[in-house]
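# Geometric and topological summary
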Amino acid sequence: MQSSMQSRWHEEARARGPRRRRRSRASVRLRIGVAIGLGVLLTGGACEAESPLQVTEEISVGAQPNALAVAPSAGLVFVANTGDGTVSVIDAATREVTSTIPVGVEPTDVVVGPDGTAAYVTNSKDDTVSVIDTATLQVTGTITVGSRPKHAAIDPSSNVLYVSNWVDATVSVIDLATLQVTDTIVVLEGASGLAVGAPGTLYVGSWDTGAVAVVDTATRQVVTTIAVGREPFALQLDAAEGFVYVTNSRDDTVSVIDASTNTVSATLDVGREPYGLAFDSRASAVYVSAWWDGSVWVIDSGSRQVSPANTVGIGEGVEDIAVDPTTGFIYVANSNLGSVSIVEVR
């Protein structure tokens with residue numbers, strides 16, 4: 001039986017969602033060095049070996065940037081700043097912040113619609129989603145969803161936006177044509193990351209249970225669950241290879257789910273407290289951001305193996321990660337520094 005202190009801790013954890021810990025600059029730099037050194041050690045490389053990933057720019061944004069999304073057609077990068085309730089807009093060409101958009105309280109995720117005309121921001125403490133017009137950079141609508149919305153994902157085939165609601169253990173289904181919630185899907189406790197799979201399939205992470213729920217989007221029912229690691233957070237689909245990647249933040253691993261069988265085919269060791277995931281089809285790579293290490297790790301999507309020598313130190317409190325599919329540039333949110341790093345492959 002849990003003690004009253006343990007019960008209270010779990011209640012507080014469920015209310016606030018995933019933990020975030022601030023570290024001193026010296027502490028984080030030490031962990032960055034350890035991550036890079038480990039990569040060299042594992043590959044038997046020399047100490048002077050360099051990762052092909054190079055940080056080329058750091059851009060100041062709002063307080064505690066938590067999530068990013070690239071709008072290639074608009075040439076913009078949207079950054080959700082949890083600490084001040086804003087979205088910073090970066091011009092991808094000039095690498096400057098051109099606008100700061102007030103949204104709701106504690107924005108936690110941002111995604112761009114399939115036609116690039118709108119961005120959608122989940123506001124955790126408002127229980128809302130803000131709709132941003134990518135041309136005018138104005139909020140044009142607000143949608144009420146479940147309690148503590150965390151992640152969002154779009155199914156372009158059905159023009160539907162899915163939003164995971166942490167406290168409710170639900171997923172809100174939003175019709176992007178009407179901006180109305182048309183259904184609510186009951187999933188597992190601590191609903192976290194989302195990934196739209198093959199037509200008719202949605203994957204939903206469960207931070208509390210260490211599992212991923214597989215949802216039939218036609219019946220809006222969970223059809224099976226897949227055990228992964230502890231505290232799964234982000235999900236990322238590699239449609240070409242047919243695998244779903246899951247960051248397990250407490251295990252320091254990434255689970256690889258074979259979407260054809262809905263079973264875990266591999267568990268990969270990465271950096272401390274992995275959170276974000278991004279797929280780069282140009283480089284056949286899946287990038288993993290490790291919060292504690294302040295680093296980015298690389299998984300070869302063909303072999304589904306980690307490439308430790310490619311690990312690169314980024315900043316402090318590395319949160320989300322996104323790739324511009326037109327340029328291959330990688331954008332990384334540094335929560336503790338209030339900045340976004342741009343990483344290039346050389």
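The structure contained in this document is the topic of the report that follows. (Residues numbered from 1 in each chain as written. Predicted model: local features only at pLDDT ≥ 70, side-chain atom pairs only at ≥ 80, totals over all residues. Heavy atoms only, no water.)

### Description of the environment of Thr82
Tracing the backbone shows Thr82 in the loop between strand S3 (76-81) and strand S4 (86-91). Given the relative accessible area of 16%, Thr82 is considered buried. A C-alpha to C-alpha distance of 5.4 Å links Thr82 and Gln64, two positions 18 residues apart in sequence. Beyond its immediate stretch of four places on either side in the chain, Thr82 contacts Ala63, Gln64, Asn66, Glu106, Pro107 and Thr108. There is a polar contact of 2.7 Å between the side chain of Thr82 and the backbone oxygen of Pro107. (Helix = DSSP H or I, 4+ residues; strand = E, 2+ residues; numbered from the N terminus. Buried < 20%, exposed > 50% of the residue type's maximum accessible area, 1.4 Å probe, protein only. Contact = heavy atoms within 4.5 Å. Polar contact = N/O pair within 3.5 Å; in protein donor to acceptor, adjacent residues only side chain to side chain.)

### Here's the deal with the sheet that holds strand S17 (residues 221-227)
What the four strands build is an open sheet, ordered S14-S15-S16-S17; its pairing is antiparallel. Each end of this open sheet is capped by a strand with a single partner; those strands are strand S14 (191-196) and S17. Pairs of neighbouring strands in the sheet enclose a mean axial angle of 25 degrees, with direction left out of account. For strand S15 (residues 201-206) and strand S16 (residues 211-216), the ladder comprises six bridges, and the chain directions are antiparallel. Counted as the bridge partner of Gly205 is Val212 from S16. (Pairing = 2+ DSSP bridges. Axes fitted to C-alpha atoms, helices over the stretch in contact; angles between N-to-C directions.)

### Overview of the nonpolar core
Tyr245, Val288 and Ile299 are the most contacted members of the largest nonpolar core, which has 21 residues in total. Elements that contribute at least two residues to this core include exactly strand S18 (232-238), strand S19 (243-248), strand S20 (253-258), strand S21 (263-269), strand S22 (274-280), strand S23 (285-290) and strand S24 (295-300). Ranked by residues supplied to this core, first place goes to S23 with three residues. Once you skip the residues sitting within four places of it in the chain, Ile299 turns out to touch Tyr245, Val254, Leu268, Ser284, Ala285, Val286, Val288, Arg304, Gln305 and Val306. Phe78, Val89, Ile101 and Val110 belong to the second largest nonpolar core, which has 16 residues in total. (Core = buried A, V, L, I, M, F, W, Y, C linked by side-chain atoms within 4.5 Å.)

### Points about the pairing of strand S13 (residues 180-186)
The pairing of strand S12 (residues 170-175) with S13 spans six bridges and is classified as antiparallel. Directly across from Val173, in S13, lies its bridge partner Asp183. Counted between consecutive antiparallel strands, the loop separating S12 from S13 contains four residues, among which Leu179 sits at a positive phi close to 60 degrees.

### As for the side chain of Ser206
Mapping Ser206 onto the fold places it in strand S15. For Ser206, the residues in contact, after removing those within four places along its chain, are Leu188, Glu189, Gly190, Ser192, Ala211 and Pro232.

### Some thoughts on the environment of Asp115
You can see Asp115 is positioned in the loop between strand S6 (107-112) and strand S7 (118-123). When the C-alpha atoms of Asp115 and Ser73 are compared, they prove to be 8.3 Å apart, with 42 residues separating the residues in sequence. A distance of 2.8 Å separates polar atoms of two side chains, one belonging to Asp115 and the other to Thr117.

### Examining the packing of aromatic side chains
The full count for this structure, using the stated rule, is three aromatic pairs. Considering the side-chain rings of Trp166 and Trp207, the 5.6 Å spacing of their centres and the 55 degrees angle between planes classify their relative orientation as tilted. Of this pair, Trp166 sits in the loop between strand S11 (160-165) and S12 while Trp207 sits in the loop between S15 and S16, placing them 41 residues apart in sequence. Across the pair, Trp207 and Trp166 agree in class, each one buried. With a centroid separation of 6.0 Å and 80 degrees between ring planes, the pair formed by Trp207 and Phe233 is classed as edge-to-face. Note that Trp207 is positioned in the loop between S15 and S16 and Phe233 in strand S18, a separation of 26 residues in sequence. The class for Trp207 is buried, based on a relative accessible area of 9%. Phe233 sits in the buried class, given a relative accessible area of 9%. Chaining the aromatic ring pairs together yields one cluster made of Trp166, Trp207, Phe233 and Tyr275. The lysine or arginine in question, Lys150, covers the ring of Trp166, its NZ or CZ lying 5.8 Å from the ring centre. (Phe/Tyr/Trp six-rings, centres within 6.5 Å; stacked < 30°, edge-to-face > 60°. Lys NZ or Arg CZ within 6 Å of the ring centre and 35° of its normal.)

### Structural notes on the sheet that holds S4
The antiparallel open sheet is built from four strands, whose spatial order is S2-S3-S4-S5. Taken across any chain shown, the strands that pair with only one partner, and hence form the sheet edges, are strand S2 (65-71) and strand S5 (96-102). Shown here is a sheet whose adjacent strand axes are inclined to one another by a mean of 20 degrees, direction ignored. Both S3 and S4 contribute to a ladder of six bridges, which runs antiparallel. Looking at S4, one finds that Ala80 is bridged to Val87.

### Some words on the pattern of salt bridges
Per the counting criterion, the structure on display carries eight salt bridges. Put simply, Arg95 and Glu344 hold a salt bridge, and the shortest N to O gap is 2.9 Å. One end of the pair, Arg95, is in the loop between S4 and S5; the other, Glu344, is in strand S29 (residues 339-345), with 249 residues separating them in the sequence. The buried category is assigned to Arg95, whose relative accessible area is 15%. You can call Glu344 buried: its relative accessible area is 17%. In this structure, Lys125 engages Glu106 in a salt bridge whose closest nitrogen and oxygen atoms are separated by 3.5 Å. (Salt bridge = Lys/Arg side-chain N within 4 Å of Asp/Glu carboxyl O.)

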